[in-house]
Amino acid sequence: MKTIRQTWVSFLHNVIVPWLMKWPSRRVRMYCVKRYFGKVGNDVSIMRYVDFVGSNNIQLGNNVVINPYCYLDGRGGKLIIGNNVDIARWTVIWTLEHDPNDDMHTTRGGDTIIEDNCWIASRATIMPGVRLGMGTVVACGAVVTKDTPPMSIVGGVPAKVIGTRKNSFKYKNSYHPIFE
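This one's a predicted model, so the numbers in the text were calculated from it and none came from an experiment. Sequence order as written defines the numbering, with residues in each chain counted from 1. The model is predicted, so local features are restricted to residues of pLDDT at least 70 and side-chain atom pairs to those at 80 or more, both for listing and for counting; the totals for chains, interfaces and linings are taken over all residues. Note: side-chain values were computed over all heavy atoms of the structure, leaving out hydrogens and water.

### Concerning the sheet that holds strand β15 (residues 131-132)
In this description, strands pair whenever DSSP reports at least two bridges between them. Helical segments are the DSSP runs of H or I of at least four residues, strand segments are the runs of E of at least two, and each set is numbered from the N terminus. Strands sit in the order β1-β4-β7-β12-β15 across an open sheet of five strands; the sheet is parallel. Taken across any chain shown, the strands that pair with only one partner, and hence form the sheet edges, are β1 (39-40) and β15. Here two bridges tie β1 to strand β4 (residues 58-60), and the two strands are oriented parallel to one another. Each bridged residue has a counterpart across the sheet, and for Val40 the counterpart in β4 is Leu60.

Shown next as structure tokens:
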């Protein structure tokens, strides 16, 4: 039987924090993120309607931008997002999945790591246990099921290398709209 404290903490994590993450104030959202996440870097920008599950296993580096309607899962392992990462709308990043070959439909998980300077385009899906190498670009709608080499551009279902990025990374992500 849950204690009153456990019930309150569960209510806070499952109801109040998700509601506050939809609030128009960036300050309120960032307060929640810094309070309930494992580790959060500087100049992080999280837009409205971003869902986090297992937030104590999610780490965000410096200059990270997470756009609206993304789903970040930290239930099956650590989700580590490096510095200067841009994640576009409707992206899903998993650390937990069901094992399709298991008779009992059990889950399996793994750490998902997104190294520095990655850019993940809209509606991409990153599966559990995947490492995106430094500077990887993931094309719109791609499903990444395997590790990617550094400076690669990947696309398709399942994602394959379709190009190479040539960039010196002189920019830093800094996107802070007032009402997003």
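The discussion continues.
### Comments concerning the nonpolar core
By nonpolar core is meant a set of buried Ala, Val, Leu, Ile, Met, Phe, Trp, Tyr and Cys residues that side-chain atoms within 4.5 Å join together. For the exposure calls, accessible area comes from a 1.4 Å probe over protein chains only, and a residue counts as buried if that area is under 20% of its type's maximum, exposed if over 50%, partly exposed in between. Counting residues in each nonpolar core, the largest one holds 34 residues, and the members touching the most others are Ile46, Ile66 and Leu72. Among the elements of the structure, α1 (4-20), α2 (26-36), β4 and β7 (79-81) are those that each provide at least two residues to this core. Counting residues per element, this core draws most heavily on α2, at four residues. Contacts are assigned to residue pairs that have any heavy atoms within 4.5 Å of one another. The contact partners of Ile66, leaving out residues within four places of it in the chain, are Ser45, Ile46, Met47, Val50, Phe52, Leu60, Leu72 and Ile87.

### A look at the packing of aromatic side chains
Two descriptors summarise a pair of aromatic rings, namely the distance from one centre to the other and the angle between the planes of the rings. To pair, rings of Phe, Tyr and Trp, with the six-membered ring standing in for Trp, must have centres within 6.5 Å; the planes then decide the type, stacked if under 30 degrees apart, edge-to-face if over 60, and tilted in the middle. Scanning the entire structure with this criterion turns up four aromatic pairs. Pairing Tyr49 with Tyr69 gives two aromatic rings, centres 5.1 Å apart and planes at 0°, and the pair type is stacked. Taken together, the residues Tyr49 in the loop between β2 (45-46) and β3 (51-53) and Tyr69 in the loop between β5 (65-66) and β6 (71-73) connect sequence positions 20 residues apart. A ring pair is formed by Tyr71 and Trp94, whose centres lie 5.1 Å apart and whose planes are at 50°; its orientation type is tilted. One end of the pair, Tyr71, is in strand β6; the other, Trp94, is in the loop between β9 (92-93) and β10 (96-98), with 23 residues separating them in the sequence.

### Some thoughts on the side chain of Asn117
In this fold, Asn117 is placed in the loop between β12 (112-114) and β13 (119-120). Relative accessible area serves as the criterion here: at 12%, Asn117 is assigned to the buried category. Residues within four places of Asn117 in sequence aside, it is in contact with Asn83, Asn84, Val85, Met134, Gly135, Thr136, Arg165, Phe169 and Tyr171.

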